[in-house]
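Listed here are the chains, written in short residue letters.
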Amino acid sequence: MIETTATAAASAITTRQLRLSYGANEALHGIDLKISAGAVSGVIGPSGCGKTTLLRCFNRINERYDNVTTSGEVVIHGRNIYDADVDLIELRKAVGIVFQRPNPLPISIRDNVLYGYRLHTPRAQRGRASEEEALQKALEEVQLWDLLKDRLKEKGTRLQLEQQQKLCIARLLPLKPSIILMDEPCSALDPGATEKIENLMRDLAGTYTIVVVTHNMAQARRVTDECIFMLLGDLIEHRRTEDLFIRPRDQRTADYLEGRFG
Ligand SMILES: Nc1ncnc2c1ncn2[C@@H]1O[C@H](COP(=O)(O)OP(=O)(O)OP(=O)(O)O)[C@@H](O)[C@H]1O
Ligand SMILES: [Mg+2]
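Residues numbered from 1 in each chain as written. Chains lettered and ligands numbered in written order. Predicted model: local features only at pLDDT ≥ 70, side-chain atom pairs only at ≥ 80, totals over all residues. Heavy atoms only, no water.

Student: Help me get a handle on the sheet that holds strand β5 (residues 79–80), residues and values and all.
Tutor: As summarised here, the arrangement of the four strands in space is β2-β1-β4-β5, forming an open sheet in which the pairing is antiparallel. Bordering the open sheet on either side are β2 (25–36) and β5, each of which pairs with just one other strand. Relative to β2, strand β1 (residues 11–22) runs antiparallel, the two sharing nine bridges. By the bridge assignment for β2, threonine 14 is matched with lysine 34. (Pairing = 2+ DSSP bridges. Helix = DSSP H or I, 4+ residues; strand = E, 2+ residues; numbered from the N terminus.)

Below you can see the structure in the form of structure tokens.
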């Protein structure tokens, strides 16, 4: 049995028969799913099962590869983001993404946080005061303001990895996203740093809908409200995290969680 809906909460992302192929190889075989608004949703499954591909469908950055074809629907804020007239810049402001390795730009902390904001906000709407406000708010939200407020001219690339990852989250925030996608955001971090990013995810939940891909089952249990288990391009089971881990309905989920494969 394939479970597609974890709870009845309002959905932030709804997919219908979402298929994606790289050239002739289909990597997602018709995914139907609803991701709850304000929750932290985890995507788990063995390497190559399509976790990253699914995540990258939610802001259409898979299309940066030129051999990609997508069909089906991904509905965000009431509209199918695959409609021909969707503005990709607006979409990517609303649905931000952070990657495995933190990738701040080799410019100051201040300029990192304000980079997207300056690019996407008309000059008339962003005086010095509004920039300062956006900067402080974003760094406060990722718990870096007190630490860095006197070091804003330092290069973002000189920070510790965990702080760099927080900076990469911070730079999304002035664009007022509603959804933040994270693809194994802690895989380059040590356990202490991982715990700090996990705490941050919990703090950001509610204000933002978070979808996080992780290979770390303990992390999935600690930080996610709901979990999606994928296998070979199919969604096998999607339920409240506690239920998925304690009472998986599908034998394949149980086998994966018990380490029988992957
Ligand atoms: N750019 C690409 N071009 C061609 N095939 C790709 C590309 N990216 C991914 N694939 C293929 O699509 C399938 C799903 O890959 P994907 O990276 O989404 O898996 P994943 O679950 O994120 O794996 P991992 O846990 O290793 O990160 C795999 O078979 C992979 O080889
Ligand atoms: Mg991946």
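Student: Could you give an account of the pattern of salt bridges, with specific residues and numbers?
Tutor: It is possible for side chains of opposite charge to pair when their charged atoms get near one another. This structure, assessed with the given rule, holds 25 salt bridges. One salt bridge in this structure joins arginine 60 and glutamate 63, with 2.8 Å as the shortest N-O distance. Since its relative accessible area comes to 31%, glutamate 63 is described here as partly exposed. In this structure, the salt-bridge partner of arginine 110 is glutamate 132, at a minimum N-O distance of 2.5 Å. Highlighted residues: arginine 110 in helix α3 (residues 109–120) and glutamate 132 in helix α4 (residues 128–141), separated in sequence by 22 residues. Using a relative accessible area of 17% as the deciding quantity, one classes arginine 110 as buried. (Salt bridge = Lys/Arg side-chain N within 4 Å of Asp/Glu carboxyl O. Buried < 20%, exposed > 50% of the residue type's maximum accessible area, 1.4 Å probe, protein only.)

Student: Run through the side chain of glutamine 219, naming residues and quoting values.
Tutor: Considering the arrangement of structural elements, one finds glutamine 219 in helix α8 (residues 217–223). Apart from the residues within four sequence positions on either side, glutamine 219 is in contact with Cys186, Thr194, Glu198, Thr214 and Thr224. (Contact = heavy atoms within 4.5 Å.)

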